Amino acid sequence: MVLEAEIEVRRGDMTVVAAFAAGDRETLAVLGPNGSGKTTIVETIAGLVPTADARILLDGEPIHDLPPERRPIGIAFQDGVLFPHLSVLENVAFPLRARGARPRAARTQGLELLDRLAPGIDPGAKPGTLSGGERQRVALARALAGTPRVLILDEPLSAVDVSARADLRALLRRTLRDFDGPRLLVTHDPIEAMTLADRLVILEDGRISQTGTPQDIREAPRTRYAADLVGMNLFAGRLTPLEAGAGELQTADGVVTVPWPEGIPVGLVDDVLATLGPADVALHTARPEGSARNVVQGVVEEIAVVGDRARVRLASSPQLVAEITSGSAARMAIRTGTVVWASFKAVEIHLMVERGATDTL
Amino acid sequence: MLAVRRVVVLFAVAVVSVGCSSSSSSTSPAAAATPLTVFAASSLTKAFTQIGQDFHTANPDVTVTFNFGSSTDLASQIQSEGTADVFASASGTAMDTLQSAPGVTDRTNFATNQLVIITPPDNPAGITSMNDLTRSGVKLVLAAEGVPVGDYARQALKSAGILAPATANVVSNEDDDASVVAKVTSGDADAAIVYTSDVPSAGDTVRSVAIPSAVNVVATYPIKVVGGSVYPDQAKAFLDYVVGPSGQATLAAFGFGPPSG
Amino acid sequence: MRARLPVAIVALACIGAAFVLLPVVALFVRAPWSRLGEALSGVGASTALRLSIEVSLAATAISVLIGVPLAWVLARSEFPGRNLLRAAVVLPILLPPVVGGVGLLVALGRSGLVGRWLHDVLGLQLTFTTAGAVVATTFVSMPLVVLATEAGLRGLDRRYERAAAAMGGSPWYVFRRVTLPMVAPQLAAGAVLTWARALGEFGATITFAGNLAGRTQTMPLAVYEARQVDPGGAIVLSLILVVISVAVLVALGGRLAGLR
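Cut-off values and rules
- Residues numbered from 1 in each chain as written.
- Chains lettered and ligands numbered in written order.
- Predicted model: local features only at pLDDT ≥ 70, side-chain atom pairs only at ≥ 80, totals over all residues.
- Helix = DSSP H or I, 4+ residues; strand = E, 2+ residues; numbered from the N terminus.
- Rg over C-alpha atoms; globule rule 2.2 N^0.38 Å.
- Buried ≥ 20, exposed ≤ 12 C-beta atoms within 10 Å, placed from the backbone.
- Contact = placed C-beta atoms within 7 Å.
- Pairing = 2+ DSSP bridges.
- Axes fitted to C-alpha atoms, helices over the stretch in contact; angles between N-to-C directions.
- Expected span 1.5 Å × (residues − 1).
- Bend = angle between axes of the 7 residues up to and from the residue.
- Nonpolar A, V, L, I, M, F, W, Y, C, P; charged D, E, K, R; others polar.
- Domains from an automatic or database assignment.
- Parallel < 35°, antiparallel > 145°, perpendicular 65-115°, else oblique.
- Left-handed = near helix turned anticlockwise from the far one by under 90°.
- pLDDT = per-residue confidence, 0-100.
- Core = buried A, V, L, I, M, F, W, Y, C linked by C-beta atoms within 7 Å.

Moving on to the overall build of chain A. A tally of helices and strands in chain A yields 9 helices and 20 strands. Radius of gyration (C-alpha) of chain A: 23 Å, near the 21 Å computed for a compact globule of 361 residues. When burial is assessed residue by residue, chain A has 44% of its 361 residues classed as buried. Of all intrachain contacts in chain A linking residues separated by at least 6 positions in sequence, the fraction that spans at least 24 positions is 65%.

Written out as structure tokens, the structure is:
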């Protein structure tokens, strides 16, 4: 199943023009700053913008002429938008009942979804009593309730506490992975995009500025915004204990020493993500001494000088992006192909670990 | 909090003192433009409005203001408020209630009126005689009991021996004769019983059917100066005018009969 | 710790309270308690009361049934003349009820614009009937529920209705399961006001439907007639009306205040 969209909408003083496609079992992220037109795209695909000029095809069949309630799309809105006067279960069962399902069948299906995605939440509770993270889980269940052919997540983590985000992100990853069909993820958070998406579409001021895999964009950002996006170093992998208070994050292309995260029992932990700012990576011409736990050697693949800053991409294990002053780059005579040493402290690494199921949300 | 309590107490005292003090206050009559208040039965509306204008032309220093309504209603207003100078009633009974309080002076009969049946111009129910009012399905409108013309109508129906069947046909008890006429001119009533004086002013909007004089009621209209009026002289002058040749002519023109003395 | 209210506000509030309470207190004081039973039966109190309740409830039901869709149209759709329509809806509140009655008469009376057709073709005459009393009462009280519901609809966050549509809800389903429940408090408050107005309706009823005990003489009409015949009875009838109205309004209490 493939979702193709060609959209042109005028909203306020901005016109959004976008054309993209999400393939079967592919998560496409639409990433852009606030006000870039992301929500407009979601609403247009949902059929909620009557003034839009849109061609939307699902497996070649046009759905842009259908009213919103007939489009086979499941959406989890930013902040949930759960119906305040209905209980959690009634909210989840809404798409089923709206399409004519019998109350008992809808109830059973709803409970099953809740059990899978939001265990521990009382199905009879009203949305007003839930936390942001809980609301998102229910919204996700509701989005999936109508067995849609396309799943759209609109800024799923933005209304959630930072502390609850890791868990929710893990849930989203699982859910997206298990969803049979194209998925659209709309967000302004690059971490969300990079960690959940297979492909990215970058939206700026209503226009698409770049598309590609996270890797493509990381290698060749075409705009300032894109460059800032990928400025982050991202590590993903399995965390193993190293010594008291420290662990090793084993990623696909290397090993990183990290501080052991608080509150996590010592042992093997999968699905851990970590970020590192490029400015926290120091470059040396010779192997450095010092307290930094992580020291790697690598070959400079690319240097991008932007004003007085120089962004250096290394082919190393793991891959790194470092940001130093252009003055330093010049002094060290760093050029493509130069061999350098990079170091960074374990404490500079920001870990994101799923705290595991249930009630600690 | 103390300030609030103080205000509330002051306020309560004010209310009580106002309630206890006498309500009437006398004002000395003004030298120019005397305002005269005349309460009159609603059947007198058109006739008395004319008379009022004529009286003002003859006596420019007196302005007459009318309050028209059902005589019973007006009588009770006079009893409780006492703000009328002259009272012209459609029935002696209404006036009798005021005999003791606030009292009556110069009571005179100034006109008579009789009853007539009226129907819409197209006469949808085909009413041609009084007995037709007893036919089933006829929509008859009367004034309510207690209103002079309502009582008179029922009196006439009783004299004719058809009170019960006619009453069964009554679809509305109106508050005064003007409202009764209105129900006929709008075409919603089949028939109604009103004063003969109501007919000339209604013109082509109604058709009339006579009531035999044997059962018809002669309503005598008394007029009087209300006891306690602050303008007794001007009130008496108005009363005299009504009873005088000019007033009588106007009344006759509007369908009233002469007083029977 | 109580808030300190300015003295002037308290004074004005006292005046306001006295203003509305005084007539009620006076009714209680002047009622002919000694001959209550006789007064009650004499003025046909039970018949008038039954009729008042029937007519006011029927008028409220009809007002809600056609008023809510009207409110939806006023709040949600754009069409030329919408402001004119709203003005027409509000008009019965501003006009003296008798004027409303006269209007109904020339429209729906036996020789009226539409009433003529009703009579000649369908054999229906609304004047002098209980149905006519319901029509007159509905005419003057419907605006209240329309306005309250329209205000409620305007205040709704449209995101919920959009989400409901995206979840597969047809426009009717969305209205039934999302819009209506969310606007229910305002609708209910409007319906209560409508009922209260309907209960007290006089001018349009007496002008259009007439005054006949058991058929069109609701409590207000009975009071009016009783004034002439039996002032004590009029007071008793008035008191009954007051007591019932107060009882219902107190029972609904806070809900009426929740006209948010």
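What follows covers the pairing of strand β14 (residues 269–276) of chain A. Residue and element names in this part refer to chain A. Pairing geometry for strand β11 (residues 233–243) and β14, over 6 bridges, is antiparallel. Bridging across to β14, Ala-236 finds its partner in Leu-273. Here 3 bridges tie β14 to strand β20 (residues 350–352), and the two strands are oriented antiparallel to one another. Note that in β20 the partner of Thr-275 across the bridge is His-350.

Another aspect to go through is the sheet that holds β11(A). Residue and element names in this part refer to chain A. The strand order across the open sheet formed by 5 strands is β13-β12-β11-β14-β20, and the pairing between neighbours is antiparallel. Two strands lie at the open edges of the sheet, namely β13 (254–259) and β20, each paired on one side alone. Recorded for the sheet is a direction-independent mean angle of 40° between the axes of neighbouring strands. When strand β12 (residues 246–251) meets β13, the two strands line up antiparallel, connected through 6 bridges. Within β13, the residue paired with Thr-251 across the bridge is Gly-254.

With that settled, the discussion passes to helix α9 (residues 171–199) of chain C. Think of an α-helix as 3.6 residues a turn; residues three or four steps apart then line up on the same face. Between its terminal C-alpha atoms α9(C) stretches only 35 Å, short of the 42 Å expected from 29 residues at 1.5 Å a residue. Its maximal kink placed at C:Ala184, α9(C) deviates by approximately 60°, while the proline C:Pro185 follows within four residues.

Looking now at the interface of chain C and chain B. Of the residues lining the interface, 22 residues belong to chain C; the matching set on chain B comes to 26 residues. Elements that contribute at least two residues to the side of chain C that touches chain B include exactly α1 (7–30) and α11 (219–229) of chain C.

All right, on to the interface of chain A and chain C then. With 16 residues of chain A at the contact, the number on the chain C side is 14 residues. Breaking the side of chain A that touches chain C down by element, the ones donating at least two residues are β6 (73–76) and α2 (88–98) of chain A. The biggest single contributor to the side of chain A that touches chain C is α2(A), with 3 residues. Of the residues in the side of chain A that touches chain C, the class split is 11 nonpolar, 2 polar and 3 charged.

This part covers the arrangement of the chains. Take the 2 pairs of chains in contact: the one carrying the most contacts is chains B and C. Nothing in chain A touches chain B, and the closest approach of their C-alpha atoms is 39 Å.

Residue and element names in this part refer to chain B. The assigned domain composition of chain B is domain 1 (34–112 + 220–253) and domain 2 (115–209). Taking only C-alpha atoms into account, the centre of domain 1 sits 27 Å from that of domain 2. Listed as interface residues are 12 residues of domain 1 and, on the opposing side, 12 residues of domain 2. Elements supplying a minimum of two residues to the side of domain 1 that touches domain 2: α2 (45–58) and α3 (71–81). Taken together, the residues of the side of domain 1 that touches domain 2 sort by class into 3 nonpolar, 8 polar and 1 charged.

Turning to the environment of B:Pro232, a few remarks are in order. Tracing the backbone shows B:Pro232 in helix α10 (residues 232–243). With 16 C-beta atoms packed within 10 Å, B:Pro232 lands in the partly exposed category.

Residues and elements named next belong to chain A. The 5 strands are arranged β15-β19-β16-β17-β18 in an open sheet whose pairing can be described as antiparallel. In this open sheet, the two strands that pair with only one neighbour each are β15 (282–284) and β18 (320–325). The average angle at which neighbouring strand axes cross in this sheet is 45°, direction not considered. Bridge count between strand β17 (residues 309–316) and β18: 6 bridges; the pairing is antiparallel. Opposite Leu-314, over in β18, you have Leu-320 as the bridge partner.

Turning to the packing of helix α3 (residues 45–76) of chain C against α9(C), a few remarks are in order. Residues and elements named next belong to chain C. For the pair α3 and α9, interaxial distance at closest approach is 9 Å and the crossing angle is 140°. The angle between α3 and α9 places the two elements in the oblique class. Two packed elements cross with a definite hand, and for α3 against α9 that hand is right-handed. The segment α3 lies against α9, with Ser-52, Ser-56, Ala-59, Thr-60, Ser-63, Val-64 and Val-68 engaging Leu-187, Ala-191, Thr-194, Trp-195, Ala-198 and Leu-199. Counted by class, the contact of α3 with α9 contains 8 nonpolar, 5 polar and no charged residues.

A few words now on the domain arrangement of chain A. Residue and element names in this part refer to chain A. Partitioning chain A into structural domains gives domain 1 (3–230) and domain 2 (233–352). Contributions of two or more residues to the side of domain 1 that touches domain 2 are made by α5 (162–178) and α6 (190–196). Element by element, the count of residues in the side of domain 1 that touches domain 2 is highest for α6, at 3 residues. Taken together, the residues of the side of domain 1 that touches domain 2 sort by class into 4 nonpolar, 1 polar and no charged.

Turning our attention to the confidence of the model for chain A. All names here are of chain A. Confidence in the prediction for chain A averages 87 pLDDT; 97% of positions are at 70 or higher. Mean pLDDT across the elements of chain A ranges from a minimum in helix α8 (residues 224–230), with 72, to a maximum in α2, with 94. Contacts from residues 357–361, a stretch scored under 50 in pLDDT, to residues over four places away or in other chains number 10 contacts.

One finds B:Val86 and B:Ala192 to be the most contacted residues of the largest nonpolar core, which totals 205 residues. Among residues more than four places away in sequence, those in contact with B:Val86 are B:Leu36, B:Val38, B:Ile223, B:Val225, B:Val226, B:Ala235, B:Phe238 and B:Leu239. Counting 28 residues, the second-largest nonpolar core is a separate cluster that includes A:Leu249, A:Val300, A:Val312 and A:Ala342.

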